[in-house]
Amino acid sequence: QVQLVESGGGWVQAGDSLRVSCVASGRTFSNYDMGWFRQAPGKEREFVAAISWSGDNTYYADSVKGRFTISRDNAKYTMYLQMNSLKPEDTAVYYCAGKTRYYGSVYSRTNYTYWGQGTQVTVSS
């Protein structure tokens, strides 16, 4: 199975940029669609962005569209989320996830089987 480990979270001010990374174990990383979800205290985990296994297709939540960019480097078994123009409402634990349900929507967390431990992103104003 795939193990995912996030890193790169931190404490920044509004308007700053941050890039979080997700490193996957194993050699089947490129077989999965991947996604980023986030969860703020007291709220449900929500979709942020997703990327197809080939990297050709990307998807974004409306709240981050135009500010965040998802990418992946299969040779390095790594997925990235570049976050620009960060806002306080972006504060959350960001989770890397691997999707194993082929026909499932990339927007639904129920279609993702593998999850990282999360990395905290805190944006102050």
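Above this text sits the structure in question.
Calculation notes
Residues numbered from 1 in each chain as written. Predicted model: local features only at pLDDT ≥ 70, side-chain atom pairs only at ≥ 80, totals over all residues. Heavy atoms only, no water. Disulfide = S-S within 2.5 Å. Helix = DSSP H or I, 4+ residues; strand = E, 2+ residues; numbered from the N terminus. Buried < 20%, exposed > 50% of the residue type's maximum accessible area, 1.4 Å probe, protein only. Pairing = 2+ DSSP bridges. Axes fitted to C-alpha atoms, helices over the stretch in contact; angles between N-to-C directions. Contact = heavy atoms within 4.5 Å. Salt bridge = Lys/Arg side-chain N within 4 Å of Asp/Glu carboxyl O.

Draft legend 1. Structural context of the state of the cysteines. For the structure shown, the criterion picks out one disulfide. Each disulfide pairs two cysteine sulfurs, and for Cys-22 the partner residue is Cys-96, the sulfurs being separated by 1.9 Å. On the sign convention where negative is left-handed, the bridge of Cys-22 and Cys-96, at about -65 degrees about the S-S bond, is left-handed. A residue pair is termed long-range when its members are at least 10 positions apart, and Cys-22 in strand β3 (residues 18-24) and Cys-96 in strand β9 (residues 92-99) qualify at 74 residues. On the basis of relative accessible area, Cys-22 is assigned to the buried category, the value being 0%.

Draft legend 2. Fine view of the sheet that holds strand β7 (residues 68-73). Here four strands make up an open sheet; going across it, the order is β1-β3-β8-β7 and the pairing antiparallel. Lying at the two open borders of the sheet, with one neighbouring strand each, are β1 (4-7) and β7. Each neighbouring strand pair of the sheet contributes to a mean axis angle of 15 degrees, computed without reference to strand direction. The pairing of β7 with strand β8 (residues 78-83) spans six bridges and is classified as antiparallel. Bridge pairing in β8 places Thr-69 opposite Gln-82.

Draft legend 3. Here's a closer look at the pairing of β8. Counted residue by residue, β8 has five buried out of six residues, so it is predominantly covered. With six bridges connecting them, β3 and β8 associate as antiparallel partners. The partner of Ser-21 across the bridge, within β8, is Tyr-80. Here β7 folds back onto β8 in antiparallel fashion, the turn holding four residues, of which Tyr-77 has a positive phi close to 55 degrees.

Draft legend 4. Examining the environment of Met-83 more closely. Tracing the backbone shows Met-83 in strand β8. If near-sequence neighbours (up to four positions away) are discounted, Met-83 is found in contact with Asp-16, Ser-17, Leu-18, Val-20, Arg-67, Phe-68, Tyr-94 and Val-121.

Draft legend 5. Representation of the environment of Tyr-59 within the structure. As for its placement among the helices and strands, Tyr-59 is situated in strand β6 (residues 58-60). In the structure, Tyr-59 is positioned 50 residues away from Gly-9 in sequence and 21 Å away in space, judged by C-alpha atoms. Once you skip the residues sitting within four places of it in the chain, Tyr-59 turns out to touch Phe-47, Val-48, Ala-49, Ala-50, Val-106 and Tyr-107.

Draft legend 6. Looking closely at the pattern of salt bridges. Summed over the entire model, instances satisfying the criterion amount to five salt bridges. A salt bridge links Arg-38 to Glu-46, with the shortest nitrogen-to-oxygen separation between them at 2.7 Å. Exposure remark for Glu-46: the relative accessible area of 35% places this residue in the partly exposed category. Close ionic contact of Asp-90 with Arg-67 constitutes a salt bridge, the shortest N to O distance being 2.8 Å. You can see Asp-90 sitting in the loop between β8 and β9 and its partner Arg-67 sitting in the loop between β6 and β7, a full 23 residues away along the chain. Taken individually, Asp-90 and Arg-67 each receive the classification buried, so the pair is uniform in this respect. Residues joined by salt bridges that share partners form a network here, namely Arg-38, Glu-46, Arg-67 and Asp-90.

Keep in mind that these numbers describe shape and distance, not what the molecule does.
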